[in-house]
Amino acid sequence: MIQPLAYIHPQAKIADNVVIEPFVTIHKDVEVGEGTWIGSNSTIMDGARIGKNCRIFPGAVISAPPQDLKYRGEQSTVSVGDNTIIRECVTLNRGTALDKNTTTIGSNCLLMAYVHVAHDCVIGDNVIIANSVQLAGHINVYDYAFIGGTSAVHQFVEIGAHSMISGGSLVRKDVPPFTKAGREPLSYIGINSVGLRRRGFTAATINEIQEIYRIIFLKKYNITKALDIIEAEFNPTIERDEIINFVQNSQRGIMKGFGNS
């Protein structure tokens, strides 16, 4: 169902059962999966790869060139997974050849109004990004993370799976998985126990995650000492190893415990 007032380049690849409302513009090098709805006044630019059953609301701009002075017009893409909702005036910039050459949004995500995702970001599945969040380039956001409204995230930051960042945060450091982050400067304020329970984590697993983060954030150990203690005192589990690997591989360093310098 394509409205006559929409413009679709004849070489764009539009699947069956796609609804395109009036005044949509779709450029040449675009692919749109089955069942997707594209609202009025949206612009889908070259390099967009949109999955099935997505909903793109009015004013969104998908796959615009990156706002990066190093970009030289090379071909690159934005990939949006199935069942993802992109609300009003969201902007997704495509990747650059100097990094991944693509910006990736996973499946079953919700990007609320006025979110900006810059070049070469990778957003996992089931991520919620609230209104007016601004993501700089080269950011990784892992599955089931939640970023509160009007937060700003520094380039190259990593936001771990199942984490939750409070609204209005300035995110300059990496946020480990399963945690809640808030205050200024951004600090550990507990684990995301409500979210973990909703996703089927057992009470024993949640308690173990909490004990691990007490060692990292509340016991005044340096990171190396804290990780040594965790490896010695906790049996290997998926969650324990995910935390250890995230902290060990952090390039920007992780956020601090509340009250720590």
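Residues numbered from 1 in each chain as written. Predicted model: local features only at pLDDT ≥ 70, side-chain atom pairs only at ≥ 80, totals over all residues. Heavy atoms only, no water.

Taking an unreviewed UniProt entry as the reference, the protein chain is identified by name as Acyl-[acyl-carrier-protein]--UDP-N-acetylglucosamine O-acyltransferase belonging to Mucilaginibacter frigoritolerans.

It is a general feature of regular strands that their side chains alternate between the two faces of the sheet. In this sheet, strand β14 (residues 102-105) lies alongside strand β11 (residues 77-80) in parallel orientation, the contact comprising 4 bridges. Paired with Thr-77 across the bridge in β14 is Thr-102. Pairing analysis gives 2 bridges linking β14 to strand β17 (residues 122-123), with the strands arranged parallel. Note on β17: the bridge partner recorded for Ile-105 is Ile-123. (Pairing = 2+ DSSP bridges. Helix = DSSP H or I, 4+ residues; strand = E, 2+ residues; numbered from the N terminus.)

This paragraph deals with the sheet that holds strand β7 (residues 43-44). The 9 strands lie next to each other as β1-β4-β7-β10-β13-β16-β19-β22-β25, forming an open sheet whose pairing is parallel. Both outer strands of the open sheet, β1 (7-8) and β25 (170-171), are each paired with one neighbouring strand and no more. Where strand β22 (residues 152-153) and β25 come together, 2 bridges link them in parallel fashion. Following the sheet pairing, Ala-152 is matched in β25 by Leu-170.

The UniProt record annotates "domain: UDP N-acetylglucosamine O-acyltransferase C-terminal" (unreviewed entry) at residues 174-255. Annotated as residues 174-255, this span is 55% helix and 11% strand, and its ends, taken at the C-alpha atoms, are 6 Å apart. (UniProt positions renumbered as here; feature names shortened; annotations may be inferred.)

Of all hydrophobic cores here, the largest spans 68 residues; its most connected members are Leu-92, Leu-135 and Ile-216. Those elements that provide at least two residues to this core are β8 (48-50), β11, β27 (187-191), α2 (203-218), α3 (223-233) and α4 (238-249). In this structure, Leu-92 is in contact with Val-61, Ile-62, Ser-63, Ala-64, Val-78, Val-80, Ile-86, Ile-105, Leu-111 and Val-117, ignoring residues within four places of it in sequence. (Core = buried A, V, L, I, M, F, W, Y, C linked by side-chain atoms within 4.5 Å. Buried < 20%, exposed > 50% of the residue type's maximum accessible area, 1.4 Å probe, protein only. Contact = heavy atoms within 4.5 Å.)

Further remarks concern the domain arrangement of the protein chain. It is common to give the size of an interface as the accessible area that goes away when the parts come together. For the protein chain, the assigned domains read domain 1 (7-138) and domain 2 (196-257). Taking only C-alpha atoms into account, the centre of domain 1 sits 34 Å from that of domain 2. (Domains from an automatic or database assignment.)

UniProt marks residues 3-56 with the feature "domain: Mannose-1-phosphate guanyltransferase C-terminal" (unreviewed entry), using the numbering shown here. The span residues 3-56 is 0% helix and 35% strand, and its two end C-alpha atoms sit 15 Å from each other.

This next bit is on the packing of aromatic side chains. Tallied over the entire structure, the rule returns 6 aromatic pairs. Here Tyr-188 and Tyr-213 contribute two aromatic rings whose centre-to-centre distance is 5.8 Å and whose plane-to-plane angle is 35°, an arrangement assigned as tilted. On the criterion of sequence distance, the pair formed by Tyr-188 in strand β27 and Tyr-213 in helix α2 is long-range, its members being 25 residues apart. Neither residue differs from the other here; Tyr-188 and Tyr-213 are each classed as buried. Plain terms: the ring middles of Tyr-188 and Phe-217 are 4.4 Å apart, the flat faces sit at 10° to each other, and that makes the pair stacked. Residue Tyr-188 is found in strand β27, and its partner Phe-217 is found in helix α2; the two are separated by 29 residues along the sequence. Owing to a relative accessible area of 3%, Phe-217 belongs among the buried residues under this scheme. (Phe/Tyr/Trp six-rings, centres within 6.5 Å; stacked < 30°, edge-to-face > 60°.)

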